[in-house]
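Summary of the model geometry
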Amino acid sequence: MKNTTFKRTGALAATALTLSLGLAACGDDADETSTASEDTSSETTDAPEEETAEASASDQVFGPACSAVPQDGKGSFDGMVQDPVATAASNNPLLGTLVTAVGEAGLVDTLNDAEALTVFAPTDDAFGAIPEEDLNAVLADKETLTAILTHHVIGEQLDPDAVVGEQDTLNGDTLTVNGDTDGMTVENGDTPANVLCGNIPTANATVYVVDAVLMP
């Protein structure tokens, strides 16, 4: 009788031990599943914080005078990219005389409404190198002024690689661009014009600021 009781007690103990181990194992599996789920949830939640910041328009420009462009506001690179080219130029402090000339020639709407352009934009200093009497005469002669200004414009948007070479202008003639982002020039008679700041984006054009007025 005592042996039977001992055997039953031992069997119950073994059964209890087995159940206990089984429950513990299930508990471990549940904890691991819960932990994995929490880890996955954490990764999903954190992912948007790792997105790359939006690139600035200033990241694509080149040239020694780019630092003269304002860092913020409508005249900055990020500001100019929001407006069509004639409007964008009017906000750039380097291009006041060019903006006046474009207005005198009646080309504001022509430039702003174009689908895609590349514009070589002479600085105020470039216009200042022309004798005042000659410059005033050109500004007063709409036909001549229009021919000069459209000689600075190509009817498509060209990046620094594509712009190099001979290009057809809106004046019906050609420009020849040489070099690369380490140094770019535009043929202009005996003295090439230097690109001071290039590949500036506007809403409908790519602008290359140059240090001389290009003559047809």
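A brief structural summary.

What follows covers the nonpolar core. For soluble globular proteins, the rule of thumb is that nonpolar side chains tend to be buried together. Counting residues in each nonpolar core, the largest one holds 33 residues, and the members touching the most others are Phe77, Leu111, Leu149 and Ile200. Elements with a minimum of two residues in this core: α2 (77–80), α3 (85–90), α4 (96–104), β1 (117–122), α6 (124–128), α8 (142–150), β6 (193–201) and β7 (205–210). Tallying contributions element by element places α3 first for this core, with four residues. For Leu111, the residues in contact, after removing those within four places along its chain, are Val85, Ala86, Val102, Leu117, Val153 and Asn204. The next biggest cluster of nonpolar side chains, apart from the first, holds 15 residues, and it includes Phe120, Val163, Leu175 and Val210.

What follows is about the sheet that holds strand β2 (residues 153–154). Taken in spatial order, the seven strands of this open sheet run β2-β1-β7-β6-β5-β4-β3, and their pairing is mixed. In this open sheet, the two strands that pair with only one neighbour each are β2 and β3 (165–168). Of the pairings in the sheet, the one linking β6 to β7 comprises four bridges and is antiparallel in character. Note that in β7 the partner of Pro201 across the bridge is Thr206.

This part takes up the state of the cysteines. Applying the stated criterion across every chain yields a total of one disulfide. The disulfide partner of Cys66 is Cys197, and the gap between their sulfur atoms is 2.1 Å. Residues Cys66 and Cys197 are joined by a disulfide whose S-S torsion is about 105°; by sign, that bridge is right-handed. In this pair, Cys66 sits in the loop between α1 (2–46) and α2 while Cys197 sits in strand β6, placing the two residues 131 residues apart along the sequence.

Definitions and limits used
- Residues numbered from 1 in each chain as written.
- Predicted model: local features only at pLDDT ≥ 70, side-chain atom pairs only at ≥ 80, totals over all residues.
- Heavy atoms only, no water.
- Core = buried A, V, L, I, M, F, W, Y, C linked by side-chain atoms within 4.5 Å.
- Buried < 20%, exposed > 50% of the residue type's maximum accessible area, 1.4 Å probe, protein only.
- Helix = DSSP H or I, 4+ residues; strand = E, 2+ residues; numbered from the N terminus.
- Contact = heavy atoms within 4.5 Å.
- Pairing = 2+ DSSP bridges.
- Disulfide = S-S within 2.5 Å.

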